[in-house]
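Take a look at the letters that make up each chain.
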Amino acid sequence: MATTSAPGPVVSAAAGAALVDAIRATLPDLRLLTDATDRESYRNDETAYLRAGLPLAVALPETTAEVSTLVRLAAEHRVPVVPRGAGSGLSGGAAGIEGGLTIAMTRMNRVLEIDRANLVVVTQPGILNAELKQAVGAEGLFYAPDPASYEICSIGGNLGTNAGGLCCVKYGQTRDSVLGLEVVLADGRVIRTGGRNVKDVAGYALTHLFVGSQGTLGIITEATLRLHVAPPPRSTMLAFFPTLDAAGRAVAGILAAGIGVVTLELMDHETIAAVDDAHRLGLDREAAAMLLVESDLSPAAATAELDAAVAACDAAGASSTIRAEDPTEADWLRQARRLALRALERQGVVRMEDVGVPRGRVPELLLAIQAAADRHGVRVATFGHAGDGNLHPNFIFDRDDPRAPELTETVRNEIFAAALALGGTVTAEHGIGLSRREALVDQVGADVVDVMRSIKSALDPLGILNPGRVFRG
Ligand SMILES: Cc1cc2nc3c(=O)[nH]c(=O)nc-3n(C[C@H](O)[C@H](O)[C@H](O)COP(=O)(O)OP(=O)(O)OC[C@H]3O[C@@H](n4cnc5c(N)ncnc54)[C@H](O)[C@@H]3O)c2cc1C
């Protein structure tokens, strides 16, 4: 199949200046940041060693109509648009394009409706994940998607990346919680996909196409999301292991036994030490690896579920297992896992990767990550959502180490190759974005990339929306 994607727009200073004038004339009440210092904070997301551009301007719309007008004007002036949520991404998806217009969705942050009868919430995309959880929690309801960054990432960004997190093993990724969307297309038209129906097969599954498209196909301005009745407080245990391999085998054992835990997270030796240094939890610092295992069943059923998980850990050679005494202690342990990246960042610059494998192959991936880092003398700390087969190798460098960007490339490419050889993926939840474009074709092949380009070209023939993200322009 031929490649049909249009090249990205050429951003000229004159076009940029004309766009800013047009925006000011058409939307005089819109908050538009043009000061260089303000724009600078929209250059990067959280991806280390990323070279990103400085946006020409940053627009902060409050309505769908404003987003539509902004995109229409940008298309008229052939200026690229970067949709942005809270900027916590780890692939450069929301990073600036030199001379482009960044549309930050943070002011569109209202919950529009909580529909208890149908167990759905309708929300604007700029709300933080934690704020949405809190709003529905106040009604005794539960929104499941739970990235470790839930306090600093937006629902729009979660939709843009199809974010994962700490409870995918039971509740799935963000896409599994999305029923409907309102989307501004690349020419400014506004469409609605899906709705409140749990079952709906009318035409192509556009809702699922937009989720995970990293702002390259449309800008999501409203989402209808699935809820659950709030489950009981979690019961939590930790298991420590003398080797990475034993921890990997415990993960495989828990999954093979069909034990339906809500959280199955892994931290390796380096991560345990960093988290313990930061939070003083009294973790077993001698251990090579630790699993955090949680149940959200009722107390008696949770005890039985964790008993089964302990048996699987013991069978894999766990050196010890302990249970949280109460929900407060459980919250502490979960929060410490969420803060693993921040704990590692106290030791230097950290570049996080995001590989995944079929879940039974986690032990092999763990060993391959360590071997690749050792080959190049790079310090690696690995943690992640082991229950999903999704691990985050984190390369840690001194702040002024000039070798860091190149070594990061070398080691991660070897890890990508290892993940693919195990039937895995180069990114399980963070996205291809800007930082993993070269790896996409290695994973999916040229024909699949061509199909993706055809979809991009059909929806965005001028290449206005986030060009150069997912694949080169
Ligand atoms: C400490 C830490 C822990 C993390 N843990 C996890 C984790 O457990 N699981 C996980 O999946 N990720 C995790 N992340 C990565 C990040 O938080 C997620 O990718 C998150 O979904 C990004 O949300 P955001 O609002 O910050 O989006 P941004 O970074 O602003 O944008 C992300 C992408 O979504 C697009 N986008 C944003 N808003 C819209 C919109 N309204 N319409 C269309 N496209 C849009 C952007 O163009 C970009 O491509 C972590 C990051 C950090 C820093």
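1. Examining the layout of surface pockets
(1) Moving on: The computed volume of the largest pocket comes to approximately 890 Å³.
(2) Moving on: Lining the largest pocket we find 50 residues, and of these Ser88, Gly89, Ser149, Cys153 and Thr161 sit closest to its centre.
(3) Moving on: Considering only residue class, the lining of the largest pocket consists of 18 nonpolar, 24 polar and 8 charged.
(4) Moving on: There is about 650 Å³ of room inside the second largest pocket.
(5) Moving on: Lining of the second largest pocket is provided by 29 residues; of these, Arg175, Gly212, Ser213, Met452 and Val470 occupy positions nearest its centre.
(6) Moving on: Looking at the lining of the second largest pocket, the elements with two or more residues in it are helix 7 (206-210), helix 15 (437-444) and helix 16 (446-459).
(7) Moving on: When residues in the lining of the second largest pocket are grouped by element, the largest group, 4 residues, is from helix 16.
(8) Moving on: Its residues placed into classes, the lining of the second largest pocket shows 13 nonpolar, 12 polar and 4 charged.

2. Observations concerning the packing of helix 15 against helix 16
(1) Moving on: Closest axis-to-axis distance for the helix 15/helix 16 pair is 6 Å, and the angle between their directions is 120 degrees. With respect to helix 16, the axis of helix 15 lies oblique. On the side of helix 15, the interface is formed by Leu440, Val441 and Val444, while helix 16 contributes Ala446, Val448, Val449 and Met452.
(2) Moving on: For the contact of helix 15 with helix 16, the per-class residue count stands at 7 nonpolar, no polar and no charged.

3. Details of helix 10 (residues 299-315)
Each α-helix turn comprises 3.6 residues. Residues three or four places apart therefore point the same way.
(1) Moving on: The terminal C-alpha atoms of helix 10 lie 24 Å apart, and with 17 residues this matches the ideal 24 Å at 1.5 Å per residue to within 8%.
(2) Moving on: Within the sequence span of helix 10, burial applies to Ala302, Glu305, Leu306, Ala309, Val310, Ala312 and Cys313. The arc that holds every buried residue of helix 10, seen down its axis, measures 160 degrees, which confines them to one face. More than 90 degrees from the buried face of helix 10, the exposed residues found are Ala300 and Ala315.
(3) Moving on: In the core, the buried residues of helix 10 are packed alongside strand 12 (235-241), helix 8 (244-256), strand 14 (289-295) and strand 15 (320-323).

The rules we used
Residues numbered from 1 in each chain as written. Predicted model: local features only at pLDDT ≥ 70, side-chain atom pairs only at ≥ 80, totals over all residues. Heavy atoms only, no water. 1 Å grid on protein atoms, 1.4 Å probe; cavity = no way out; pocket = protein on both sides within 12 Å on 5 of 7 lines; lining within 4 Å. Points joined across faces, edges and corners; volume = space filled by probe spheres on them. Nonpolar A, V, L, I, M, F, W, Y, C, P; charged D, E, K, R; others polar. Helix = DSSP H or I, 4+ residues; strand = E, 2+ residues; numbered from the N terminus. Axes fitted to C-alpha atoms, helices over the stretch in contact; angles between N-to-C directions. Parallel < 35°, antiparallel > 145°, perpendicular 65-115°, else oblique. Contact = heavy atoms within 4.5 Å. Expected span 1.5 Å × (residues − 1). Buried < 20%, exposed > 50% of the residue type's maximum accessible area, 1.4 Å probe, protein only. Arc of directions from axis to C-beta.

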